[in-house]
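# Examining the three-dimensional arrangement
The residues making up each chain are set out below.
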Amino acid sequence: MIQENIKAVQENIANACAKVSRLGKDVNLIAVSKTKPLELLQEAYAAGCRDFGENKVQELVDKYEAMPKDIRWHMIGHLQRNKVKYLVGKVWLIHSVDSYRLAEEISKEAVKKGVSVNILIEVNVAEEESKFGLSCPETIDLIKKIAVLPGIFVKGLMTVAPYVENSEENRQHFVNLRKLSVDIKKQNIDNVSMDILSMGMTGDYMVAIEEGATHVRVGTGIFGERTYSIS
Ligand SMILES: *Cc1c(COP(=O)(O)O)cnc(C)c1O
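In every chain, residue numbers begin from 1 and rise along the written sequence. With the structure being a predicted model, the display of local features is reserved for residues of pLDDT at least 70 and the display and counting of side-chain atom pairs for 80 or more, all residues being used for whole-chain, interface and lining totals. As a rule here, side-chain values come from all non-hydrogen atoms in the structure, and water together with hydrogens is ignored.

Considering the arrangement of structural elements, one finds A103 in helix α5 (residues 100–113). We call two residues in contact when some of their heavy atoms are within 4.5 Å. Residues within four places of A103 in sequence aside, it is in contact with V97, I146, L149 and I152. By the criteria applied, helices consist of DSSP H or I runs no shorter than four residues and strands consist of E runs no shorter than two, each listed in order from the N terminus.

Shown next, in the form of structure tokens:
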């Protein structure tokens, strides 16, 4: 089941790339495995997935311990400063940095452990009230401040687009995130590259790829619907 789902997603990715003359290898599929049991992650691993996304620190760390070590773990959920110490050294990329104080904590922990940490800045490009992330103007200012912190590299931008019935409704948000990354790249800030655009989820990843996504985060499309327990 999981294997077929992954194959279908990969075909969709290839088709979206073909439509805009992009190379399939330039788009990375992150299997978003939050709430899902290890057996399903192991199936995805067996089918070739090496990038997994989680939104809770404890769950990511538990799965990190249990799964093969060649996996790249992506922290895609809101991150509290007091949990940073558990992640640094285990996570490949933190997608959800949205404040200077969080970046400062990541930097402190990276220096302490003698590692460097790759991060993305989360942008609330649709300016939704309910969402984490910065506005476009705030993003540039924050990146300039973060750039000078040791042990931390800004690799690009991430956004969680609104939930919509028709993925076309999100196209403009993806265009805007891409534009923002181009503007930032032009400023040639030390320790800042804009190589990664993390955008697109199950409902809209094909549109996101057409607009330049380098990393798509697909949960439901691979693992099926999530059921949340109350605890
Ligand atoms: C859950 C989640 C996803 C995956 O969502 P699906 O719609 O299941 O593909 C992607 N990004 C973030 C930040 C998430 O929290």
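Alright, that's what it looks like, and here's the rest.
Within the element layout of this structure, K63 appears in helix α3 (residues 57–66). What makes K63 buried here is its relative accessible area of 6%. Those residues in contact with K63 that lie beyond four places of it in its chain are S33, K34, T35, K36, L38, L41, E54 and W73. Each residue is assigned to one of three classes by its accessible area relative to the maximum for its type, calculated with a 1.4 Å probe on protein chains only: buried under 20%, partly exposed between the two thresholds, exposed over 50%.

Right, let's get into the pattern of salt bridges. Salt bridges, as used here, are contacts in which a Lys or Arg side-chain nitrogen is within 4 Å of a carboxyl oxygen on Asp or Glu. Taken as a whole and judged by the stated rule, the model has 15 salt bridges. One salt bridge connects D51 with R72, and the closest N-O pair in it is separated by 2.7 Å. With D51 in strand β2 (residues 51–54) and R72 in strand β3 (residues 72–75), this pair connects stretches of sequence that are 21 residues apart. Judged by relative accessible area, D51 falls into the buried class, the value being 7%. With relative accessibility at 30%, the residue R72 sits in the partly exposed group. The salt bridge involving D195 is made with K185; its shortest N-O contact spans 3.8 Å. Of the two residues, D195 is situated in strand β7 (residues 192–198) and K185 in helix α7 (residues 171–186); the sequence distance between them amounts to 10 residues. Classification of D195 by relative accessible area gives partly exposed; the value is 47%. With a relative accessible area of 48%, K185 lands in the partly exposed category.

A cutoff of 4 Å decides nearness: a residue is near a molecule or strand if any of its heavy atoms lies inside that distance of it. Around the ligand sit V32, K34, I76, M158, V160, M201, T202, R217, V218, G219, T220 and R226, and that is every residue in its neighbourhood. Polar contact is defined as a pair of N or O atoms within 3.5 Å, subject to the rule that within protein one atom must be able to donate a hydrogen and the other to accept it, and that residues adjacent in sequence are counted only when both atoms are side-chain atoms. For the ligand, an oxygen atom lies 2.4 Å from a polar atom in the side chain of T202. Within the contact set of the ligand, an oxygen atom lies 2.5 Å away from a side-chain nitrogen or oxygen of T220. Relative to its free-state accessible area of 390 Å², the ligand is covered by the protein chains to the extent of 88%. Split into classes, the residues belonging to the shell around the ligand amount to six nonpolar, three polar and three charged. Accessibility throughout is a Shrake-Rupley quantity obtained with a 1.4 Å probe, and a residue counts as covered only by protein chains that appear here. Classification used: nonpolar for Ala, Val, Leu, Ile, Met, Phe, Trp, Tyr, Cys and Pro, charged for Asp, Glu, Lys and Arg, polar for all others including Gly.

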